[in-house]
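Here is how the chains run, residue by residue.
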Amino acid sequence: MKTLITDINQCTLCKDSLPLGANPVIRFSEKSKIAIIGQAPGVRVHKTNIPWNDPSGERLRDWMGVDSDTFYNTDNFALVPMGFCYPGTGSNGDLPPMKICAPTWHEKIWGITDVKLLLLIGNYAQRYYLKKDRHKNLTQTVRNFEDYLPRFIVLPHPSPRNNIWLKKNPWFEHELLPILKMKVKASLTNFHRQ
């Protein structure tokens, strides 16, 4: 475990493509039960080295019904994005995550953790993990979230940029979020009983 974390923290595979340099921001432990697989750290996360340390993280914690202490306890959650470093900003927000991180590191991480539930947040994570089982777009994939249970829960990104999407899709709050909260609570409860 320590060797893997050290190797990831020292990773410089794509340093020449990163505007602020290599700074992998991840958290996990052998006991992690739930994996949160998002896009890539934003600039604020890059500067603080705290994953989901932004309005998106606040909304995500609200969606799951957990507080910060629970969220940042690596015995509960593995915070492992598709790209481990801040990729830079483009005309429509942050650039896509570097494509080398997930194939290089994800399977190694899952091989030493006890993760049973993976939250796939956004198109990049869903495309990588669901492959041809995705629906035609993110909305349809999330709308058909039950197709991916019990291993995966598919979510849109909790960014404030998605407020319009959330308003257009009220079923998300009424149908998916209660199941998300129930699955998270069950996973954490089962963990604490062991």
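Residues numbered from 1 in each chain as written. Predicted model: local features only at pLDDT ≥ 70, side-chain atom pairs only at ≥ 80, totals over all residues. Heavy atoms only, no water.

## Concerning unusual backbone geometry
Stage number 1. Geometrically, the link from L149 to P150 is a cis peptide bond, its omega value of 5° lying close to zero.
Stage number 2. Note that P150 resides in the loop between α7 (138–143) and β6 (152–155).
Stage number 3. Phi at N49 takes a positive value of approximately 60°, unusual for a residue other than glycine.
Stage number 4. With respect to the element layout, N49 can be found in the loop between α2 (43–48) and α3 (55–64). (Helix = DSSP H or I, 4+ residues; strand = E, 2+ residues; numbered from the N terminus.)

## Considerations on the side chain of T141
Stage number 1. Tracing the backbone through its elements, the reader meets T141 in helix α7.
Stage number 2. Overall, T141 belongs to the buried group, its relative accessible area being 1%.
Stage number 3. A polar contact of 3.1 Å, which involves the side chain of T141, links it to the backbone nitrogen of H135.
Stage number 4. In this view, T141 contacts Q126, L130, R134, H135, Y148 and V154; residues no more than four positions away in its chain are not counted. (Buried < 20%, exposed > 50% of the residue type's maximum accessible area, 1.4 Å probe, protein only. Polar contact = N/O pair within 3.5 Å; in protein donor to acceptor, adjacent residues only side chain to side chain. Contact = heavy atoms within 4.5 Å.)

## Considerations on the pairing of strand β1 (residues 34–37)
Stage number 1. The two faces of β1 match: I34 and I36 on one face and A35 and I37 on the other face are all buried.
Stage number 2. Taken together, the 3 bridges between β1 and strand β2 (residues 77–79) define a ladder with parallel strand orientation. Bridging from a neighbouring strand, I36 pairs with L79 of β2.
Stage number 3. Relative to strand β5 (residues 117–121), β1 runs parallel, the two sharing 4 bridges. For I36, the partnering residue across the bridge sits in β5 and is L119. (Pairing = 2+ DSSP bridges.)

## Side note on the packing of aromatic side chains
Stage number 1. Under the definition given, this model contains 8 aromatic pairs.
Stage number 2. Relative to F172, the ring of W171 lies with its centre 6.4 Å away and its plane at 80°, an arrangement referred to as edge-to-face. Comparing W171 with F172, the two get one shared label, buried.
Stage number 3. Grouped by ring-pair contacts, the aromatic residues W63, W165, W171 and F172 constitute a single cluster. (Phe/Tyr/Trp six-rings, centres within 6.5 Å; stacked < 30°, edge-to-face > 60°.)

## Focus: the side chain of S56
Stage number 1. Take S56: it is sitting in helix α3.
Stage number 2. Judged by its relative accessible area of 8%, S56 falls in the buried class.

## As for the pattern of salt bridges
Stage number 1. Tallied over the entire structure, the rule returns 4 salt bridges.
Stage number 2. The salt bridge involving D114 is made with K33; its shortest N-O contact spans 2.3 Å. Separated by 81 residues along the polypeptide, D114 in the loop between α5 (101–112) and β5 and K33 in the loop between α1 (2–9) and β1 bring together distant segments of the chain.
Stage number 3. Taking the relative accessible area as the measure of exposure, K33 reaches 8% and is therefore buried.
Stage number 4. We classify D114 as partly exposed; its relative accessible area is 25%. (Salt bridge = Lys/Arg side-chain N within 4 Å of Asp/Glu carboxyl O.)

## Structural notes on the sheet that holds β1
Stage number 1. Taken in spatial order, the 4 strands of this open sheet run β2-β1-β5-β6, and their pairing is parallel. Two strands lie at the open edges of the sheet, namely β2 and β6, each paired on one side alone. Averaged over all neighbouring strand pairs, the angle between strand axes comes to 20°, with direction disregarded.
Stage number 2. Alignment of β5 against β6, held across 4 bridges, turns out to be parallel. Following the sheet pairing, L118 is matched in β6 by F152.
Stage number 3. Across the sheet, helix α6 (residues 123–130) is in contact with β1, β5 and β6; its angle to β5 comes to roughly 130°. (Axes fitted to C-alpha atoms, helices over the stretch in contact; angles between N-to-C directions.)

Keep in mind these values describe shape, not function.
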